[in-house]
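# Fold and contact review
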Amino acid sequence: MRLRTTCPAGRRTWTVELRPQTGGPVLFCEQCPAGGRPLAAASARSAALAHLARHARCDVLPVHMRTCQCHERGCRWHSRHRGCAGSIRLLLARERRGRVWRLADSCAACAAATDHAAVVPDTILSASVLAACESGRGRRGRLPRGPGEQTRVREMLSYLAAALPDGTEASARLLALQCALRMNAVAEVRIPAGLLRALRLGNRTDPWRELEQARWLSRFPGPADSGGTAVVARLLDAGLLTQSPARPDRRRAADWALRSALPGRAAEGGPLPQLVAVWLTAYTSPERGDGLMESDRMARDCGFDLSALPDVLRQLDATGLLKSLDVCPDSGDLRWKLAEQWLPRQGDHGAP
Ligand SMILES: [Zn+2]
Ligand SMILES: [Zn+2]
Ligand SMILES: [Zn+2]
């Protein structure tokens, strides 16, 4: 069934609300006239994202006609503002502690200024959306290669921060990152035992269980449960389900994330230093080897409470990943320099 939206063309913003009611949360959509239906609490978030993804899929607009919806509403969705700038992408934003979810076209500047929001990685868009966008620019043939490994990992970390429940452990986030980047066209993924061992997740079943409880994936029963060679799972995240077939460059991004999780002694420190190592490497300039980012952004993307930051930084210090790290006491900004040997490779950020 194709969903018809009542939005005039060009107004690419969709909002759903999960209202708590006795039979479970009920989904209400601003664009859909019909009232909501009760959902199981555990699947409410994925149902909300599925609904939004369906609107975005059915309301395709060539990329040159897309405008910053935040700007058109007076930039009320964020506080700081220095004017719209950058390319227009879909931004998934969460308000009122996950009760309200909004998907909207947004410029890069507004996206960066919006709290609790993530740019939807372009791998998540359906092939038809991409094709329509590209044909709007008059392009033909195979799609361009898209962002480099570093950008893909950065965007996926940010998207997962929005798509996974707040308390999701670092081990489950590391696993989700690998699954999202490695899945095939029907949202199935096979994670070899060797990869799990490399991430020090080989003997852990809890990250899998945690992602299942969040209704983000579901494992296929198989020999892996008894120490087999791989775990096979299907991702249930409906936003991800619509993406174009697995592409080698996305798998390269998964390998990039894997390498970034293993520098120095990061792997010995456990999943959190590993995840933070991936995050820092993803935000490090390959040319200069340094980075600057808000510490609350790191906490959100890596799933820890900001009060735990000093402890996280101490663990990071022990990994040998960093040459220097400063936290600005006023702004909370992190400024770091990676140790020479762990710099992202030049080819990792876009050039083939
Ligand atoms: Zn709707
Ligand atoms: Zn704005
Ligand atoms: Zn804007």
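To be clear, the structure that these remarks concern was listed above.
Because the structure is a prediction, the values reported are computed rather than measured. (Residues numbered from 1 in each chain as written. Chains lettered and ligands numbered in written order. Predicted model: local features only at pLDDT ≥ 70, side-chain atom pairs only at ≥ 80, totals over all residues. Heavy atoms only, no water.)

## So, the coordination of the zinc ion (ligand 3)
How we decide: Distances up to 2.8 Å from the metal define which N, O and S atoms are donors, and 3.2 Å serves for Na, K and Ca; water is absent from the atom set, so sites may look incomplete. Donor angles set the geometry label: tetrahedral for four donors if every angle is between 85 and 135 degrees, square planar for four and octahedral for six if opposite donors exceed 155 degrees and the others are between 65 and 115, irregular for anything else. Only protein chains enter the area calculation, which uses a 1.4 Å probe; residues under 20% of their type maximum are buried, those over 50% are exposed, and those in between are partly exposed.
Here the zinc ion (ligand 3) is held by Cys 68 (SG), Cys 84 (SG), Cys 107 (SG) and Cys 110 (SG), and the distances to it run 2.2 to 2.4 Å. Here the zinc ion (ligand 3) is ringed by four donor atoms whose angles at the metal span 98 to 118 degrees, and the overall shape comes out tetrahedral. Sequence positions of the donors to the zinc ion (ligand 3) reduce to the motif C-x15-C-x22-C-x2-C. You can call Cys 107 buried: its relative accessible area is 2%.

## Examining the coordination of the zinc ion (ligand 2)
Summarising the metal site, the zinc ion (ligand 2) is bound by the protein donors Cys 70 (SG), Cys 75 (SG), His 78 (NE2) and Cys 110 (SG), whose distances to it range over 2.1 to 2.3 Å. Taken together, the four donor atoms coordinating the zinc ion (ligand 2) and their angles of 95 to 118 degrees define a geometry best described as tetrahedral. Counting gaps between the donor residues of the zinc ion (ligand 2) yields the pattern C-x4-C-x2-H-x31-C. Separating the zinc ion (ligand 2) from the zinc ion (ligand 3) is a distance of 4.0 Å, and Cys 110 supplies a donor atom to each of them. For Cys 70, a relative accessible area of 1% corresponds to the buried category. The exposure class assigned to Cys 75 is buried, which follows from its relative accessible area of 11%.

## Digging into the environment of Trp 216
Going by this rule: Comment: elements are numbered from the N terminus, with helices defined as DSSP H or I runs of at least four residues and strands as E runs of at least two.
Within the fold, Trp 216 resides in the loop between helix H8 (206-213) and strand S7 (217-219). Owing to a relative accessible area of 2%, Trp 216 belongs among the buried residues under this scheme.

## Quick look at the packing of aromatic side chains
Put simply, the rule reads: Stacked, tilted and edge-to-face pairs are distinguished by plane angle, under 30 degrees for stacked and over 60 for edge-to-face with tilted covering the rest, among Phe, Tyr and Trp rings (Trp via its six-membered ring) whose centres lie within 6.5 Å. By definition, being over a ring means that NZ of Lys or CZ of Arg is both within 6 Å of the ring centre and within 35 degrees of the ring normal.
Enumeration according to the criterion identifies two aromatic pairs in this entry. A connected cluster of aromatic rings, assembled from ring pairs, spans Trp 279, Tyr 283 and Trp 336. Above the ring of Phe 28, the side-chain terminus of Arg 19 is found at 3.9 Å from the ring centroid. Of note, Arg 154 hangs over the ring of Tyr 283, and the distance from its end group to the ring centre comes to 5.6 Å.

## Section: the environment of Ser 106
Our working rule: Residue contacts are counted whenever heavy atoms from the two residues lie within 4.5 Å of one another.
Inspection of the secondary structure assignment puts Ser 106 in strand S4 (residues 100-107). Separated by 15 residues in sequence, Ser 106 and Leu 91 place their C-alpha atoms 6.0 Å apart. Those residues within four positions of Ser 106 in sequence are excluded, and the remaining contacts are Cys 68, Ser 87, Ile 88, Arg 89, Leu 91 and Ala 111.

## Focus on the sheet that holds strand S11 (residues 333-338)
For the record, the criterion: For two strands to be treated as a pair, DSSP must find at least two bridges joining them. Axis angles are defined between N-to-C directions and span 0 to 180 degrees, where every axis is a line fitted to C-alpha atoms and, for a helix, only to the segment in contact.
As summarised here, the arrangement of the three strands in space is S9-S11-S10, forming an open sheet in which the pairing is antiparallel. In this open sheet, the two edge strands, each paired with only one partner strand, are strand S9 (290-294) and strand S10 (322-327). Adjacent strand axes in the sheet meet at a mean angle of 15 degrees, parallel and antiparallel pairs treated alike. Along the sheet face, helix H13 (residues 295-302) touches S9 and S11 and points at about 85 degrees away from the line of S9.

## Digging into unusual backbone geometry
Despite not being glycine, Arg 97 has its phi angle at roughly 55 degrees, a positive value. Inspection of the secondary structure puts Arg 97 in the loop between strand S3 (88-95) and S4. On the basis of relative accessibility, which here comes to 84%, the residue Arg 97 falls in the exposed class. In this model, His 116 sits at a positive phi of 50 degrees, which is unusual for a non-glycine residue. For His 116, the location among the structural elements is in the loop between helix H3 (108-113) and strand S5 (117-119). The exposure class assigned to His 116 is partly exposed, which follows from its relative accessible area of 41%.

## Some remarks on the environment of Gly 320
Topologically, Gly 320 is positioned in the loop between helix H14 (309-317) and S10. Residue classification places Gly 320 among the partly exposed residues on the basis of a relative accessible area of 25%. Separated by 22 residues in sequence, Gly 320 and Trp 342 have C-alpha atoms that sit 9.3 Å apart.

## Details of the nonpolar core
Going by this rule: Throughout this description, the term nonpolar core refers to a set of buried Ala, Val, Leu, Ile, Met, Phe, Trp, Tyr and Cys residues connected via side-chain atoms within 4.5 Å.
Counting 79 residues, the largest nonpolar core has Val 153 and Trp 216 as its most contacted members. The dominant element in this core, judged by the number of residues it contributes, is helix H6 (residues 170-182), at nine residues. Core analysis: the next-biggest nonpolar cluster, separate from the first, contains eight residues, Trp 77, Ile 88, Ala 104 and Cys 110 among them.

## Things to note about the pairing of S10
Relative to S11, S10 runs antiparallel, the two sharing five bridges. Paired with Leu 325 across the two strands is Trp 336, which belongs to S11. In textbook terms, the turn of a hairpin is the stretch between consecutive antiparallel strands, and for S10 and S11 this stretch comprises five residues, one of which, Gly 332, has a positive phi near 75 degrees.

## Examining the sheet that holds strand S8 (residues 230-235)
The strand order across the open sheet built from three strands is S6-S8-S7, with neighbouring strands paired in antiparallel fashion. What marks the edges here is a single partner per strand, and that holds for strand S6 (188-192) and S7. In this sheet, neighbouring strand axes are inclined to one another by 30 degrees on average, regardless of whether the strands run parallel or antiparallel. The pairing of S6 with S8 spans five bridges and is antiparallel. Bridge pairing links Val 189 to Ala 233 in S8.

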